[in-house]
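Each chain, letter by letter, is given below.
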Amino acid sequence: HGPIIKQNSNRSPAIHIIYNKLTMAYFAGTARFLLLIAVGITGNPSTANAASASPVSGWRSHLDWAALTSKLSSSASLIDTTYDNYKDECFPEFSEPSPTNHALIDQPSGMCLPHLYLGWEMSWPRPSENGHLDQTYDQAVQDLTDGSLESWLVDPTNPSLNLPSKVLFPAVASDVVAAVNFAKEHGLEISVKSSGHSYQGASSKKNTLLLNMNRYTHYAPTGITDCDASILGSTVTEDLSNQPCLLSLAKNKSSLIRVGGGENFDKVYRAVIAANEEEGYKYHVVGGAAGTVSPMGWTWQGGLPGTMAGRLYGFGVDQVVQLEMVLPNGVHVKFGPTEWEDASAEGFIVPRTKVVSGVCRSNPDEHDEEKWIWERCPEDFDIDFNDLYFAVRGGGGGTWGVVTSVFLQLHDYLPFSAYFFIMFPSPTEECSAIAPQFAEFKAQYISVPSLLNVTKEHSLACGSADTPSEFWCYGEEDVMQAWTRFLDTNNSTDPANVACLSGVPEFAGYAEGQIYLASNDRFPGKVADSPAPMTIGPYVAGVLVPQSWFDESEKNRKTIQEYAKNAPYYAFGGATASGSDQANSLSQAHRNAAFMTYFSLEDFWGNLFPQMFDVSDKTNFPPVFGSNHAGFLTAGPLKEDWTKPCPPEWTFEERREKCISFQEAIYGTERLARLEAIKKAVDPQFIFNCVNCIGNNLPEASKSRDQDDEPSPSASEPEPLSASPSDEPSGAS
């Protein structure tokens, strides 16, 4: 997913230099880190088992941690963590010839992250006592590209370190309940991590108790349910046990899969593959491109399924049928739609959700799930399940509580085809010459198929992530025929040109192909990373280009070719618009988009933004950015002039005060206000206050929670910030 730079002489030199410098940081950062390893600065991997660490030492040792451990299941573990764990367990993987998040996820401390710099605030290792508020965007760019970071990376007392002080590995829901109640009683913050694929760092935070869900109960291997159609017309039972199937059948679907709060897509895909191999290929699950991405953070951000038939079946949020969570009040709940109505007359392919109901577990200390008792919530339970269901599905992970499991919709299996344009690793001279034509062909096939004489149905069968060379298709399509026609129209039908696009060997599905083609033999049989670990992650946000604007004229389509800096992310259209239950918080910009792509700040705010989006109401900023893959140095435009980018020479404190926040640019003014109101109702103590999540920039969240923190055993940690930057991306991927 690294940026593909398209040079353009019309751009402001300053803006262009910033963008290119940050692009170089993707690659230069890894090279510098290899040097660190080579000279031995990072030390040797720890051979100690982190689980053996004392749970009553270290951070906030005056608290009765033994009281917490006494309530945990025998499979749970609570450990102290320090910078040394991060250095010894996580650093070495970034020097591997074929690094993989599969290795990072299973490290004993549970602290590793897919991008090394996520271990520091704002992915910026420069020491800062106040979260870089008095430092500038320009300075960050300079450091992350040309600066010498080595001394900062290996300093255990660096105040910019953003690592948790204690880690709990829950095994069952009662472990999560115990942790949340302990945090609530003692005024602690909780951070939550499943896979860690949060590019802006929402799954790691200093002075928090981290709940690493990786060892939580795995439901997927036995979690597929085939619904009995005879229950159609039945009433939803009080314990909601038949609710998932009733809703599924109302969508004309017949199967579901239950996924645990710590399972990633590798585990989910392999569970579906096993069922298909046993039962004769009948199931398809919508998910992400990378095996190490979790359905949790990915789904709650929206979930862009460019590789997994999302244009036929909807976004990740559209797959959710029922949720199970532990809320900030410590109550274990499950909830989902219990009343719905047909919405086909308005063009929707799924029912409109009218009422969401929930139940509470009356025996929250019980470890054995077979003995759980779900009942009507008590009278003093004041959470609105309609609001909660709206907020969680699209409002980002880590801020509404802890998702312990989710029922996801399964769809009917369709034949799978994959096509690759010969671009990597060594394109032929012919293919290099027509690469721009392939990009135009791909845009037309997916976003304007009528130009190629391609039916809408064949177009919606295909999609791709933000990679320039791939097509992933399900069911009937005519990619090769359309490619030949396109070349013929452009007088390029030389057989060598036609051969630049070719199908891969037949695989039953995307995940099967990824397992077969995986180059990392350290983890055979697993769905591969995409991308592999890097020192620094994505840094800009993708713009959701409206389909209506793209369709307006040939000029607009040429504008994209001229100004877009990345291959577009083609996960939009079709069911991503019509598959909404109209009760989720994913922005309308997602629903209306043709694709997501990237522009320079100056090009976008000063030129393209007013063309693409309705800016007539100056009190209501529209949603613009995609939440998945959001970068860590992004802000909206000036509050006083939406056609001007937030100045890079300003400090982050100035940017927070005078620029549209990143959250507002994702959700829009109105939707963000509703989400923030729900946040204050669900979590009034801000126990879940993850970096750049909904509510993280509110005054209520910025108060110091840990004023009496003690230094950790091996590093002196600074006091929490008195405020948190709000112009950073929200949520997790």
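Below or above, wherever it landed, is the structure these notes cover. Predicted model, so just to flag it, every value in this text is computed and none were measured. (Residues numbered from 1 in each chain as written. Predicted model: local features only at pLDDT ≥ 70, side-chain atom pairs only at ≥ 80, totals over all residues. Heavy atoms only, no water.)

Okay, the pattern of salt bridges next. Applying the stated criterion to the full structure yields 23 salt bridges. Between Arg-258 and Glu-324 there is a salt bridge, and its shortest N-O distance comes to 2.9 Å. Residue Arg-258 is located in strand E6 (residues 255-260), and its partner Glu-324 is located in strand E8 (residues 320-326); the two are separated by 66 residues in the primary sequence. The closest approach of N and O atoms between Asp-683 and Lys-679, which form a salt bridge, is 2.8 Å. For the residue pair Asp-683 and Lys-679, the accessibility class agrees, reading buried in each case. (Salt bridge = Lys/Arg side-chain N within 4 Å of Asp/Glu carboxyl O. Helix = DSSP H or I, 4+ residues; strand = E, 2+ residues; numbered from the N terminus. Buried < 20%, exposed > 50% of the residue type's maximum accessible area, 1.4 Å probe, protein only.)

Here the focus is the environment of Lys-639. Within the element layout of this structure, Lys-639 appears in the loop between helix H23 (601-612) and helix H24 (652-658). Overall, Lys-639 belongs to the partly exposed group, its relative accessible area being 44%. Linking Lys-639 and Lys-658, residues 19 residues apart in sequence, is a C-alpha distance of 5.8 Å. Leaving out residues up to four positions away in the same chain, Lys-639 has contacts with Arg-656, Glu-657, Lys-658, Cys-659 and Ile-660. (Contact = heavy atoms within 4.5 Å.)

Okay, the pairing of strand E3 (residues 190-193) next. Residue alternation in E3 divides its side chains into two sets, Ile-190 and Val-192 and Ser-191 and Lys-193, and both sets are buried. Sheet analysis places E3 next to strand E4 (residues 209-212), joined by 4 bridges and oriented parallel. Following the sheet pairing, Lys-193 is matched in E4 by Asn-212. (Pairing = 2+ DSSP bridges.)

Counting residues in each nonpolar core, the largest one holds 110 residues, and the members touching the most others are Phe-441, Tyr-445, Phe-471, Phe-599, Phe-604 and Met-612. When residues in this core are grouped by element, the largest group, 7 residues, is from helix H9 (residues 265-279). For Phe-599, the residues in contact, after removing those within four places along its chain, are Val-543, Val-545, Ile-560, Tyr-563, Ala-564, Lys-565, Phe-604, Leu-608 and Met-612. By size, the runner-up hydrophobic cluster in this structure holds 47 residues, among which are Leu-163, Phe-169, Ala-571 and Ala-593. (Core = buried A, V, L, I, M, F, W, Y, C linked by side-chain atoms within 4.5 Å.)

A word on the pairing of strand E10 (residues 352-361). Where strand E9 (residues 332-341) lies against E10, 8 bridges are found, and the strand directions are antiparallel. What sits directly across from Lys-334, in E10, is Val-359. Here E10 pairs with strand E11 (residues 374-375) via 2 bridges, running antiparallel. Paired with Arg-361 across the bridge in E11 is Trp-374.

Glycine aside, the phi torsion of most residues is negative, and most peptide linkages are trans. Residues other than glycine seldom take positive phi values, yet Asn-453 does so here, at roughly 65°. Following the sequence through the fold, Asn-453 ends up in the loop between helix H14 (435-447) and helix H15 (456-460). You can call Asn-453 exposed: its relative accessible area is 67%. In the Ramachandran plot, Asn-692 falls in the positive-phi region, its phi being about 65° despite a non-glycine side chain. Take Asn-692: it is sitting in the segment after helix H26 (669-682).

What the 4 strands build is an open sheet, ordered E14-E15-E13-E16; its pairing is antiparallel. Only two strands of the sheet have a single partner each, and these edge strands are strand E14 (462-463) and strand E16 (501-503). Inspection of the sheet shows strand E13 (residues 416-421) paired to strand E15 (residues 470-474) by 5 bridges, in the antiparallel sense. The partner of Ala-418 across the bridge, within E15, is Trp-472. Contacts from H14 reach E13, E14, E15 and E16, with the element oriented near 25° to E15. (Axes fitted to C-alpha atoms, helices over the stretch in contact; angles between N-to-C directions.)

Between H9 and helix H18 (residues 510-517), the least distance of the axes is 10 Å, while the angle of their chain directions is 110°. Here H9 is positioned roughly perpendicular relative to H18, judged by the angle of their axes. Here Tyr-269, Arg-270 and Ile-273 of H9 lie close against H18, whose contacting residues are Ala-511, Glu-512 and Ile-515. (Parallel < 35°, antiparallel > 145°, perpendicular 65-115°, else oblique.)

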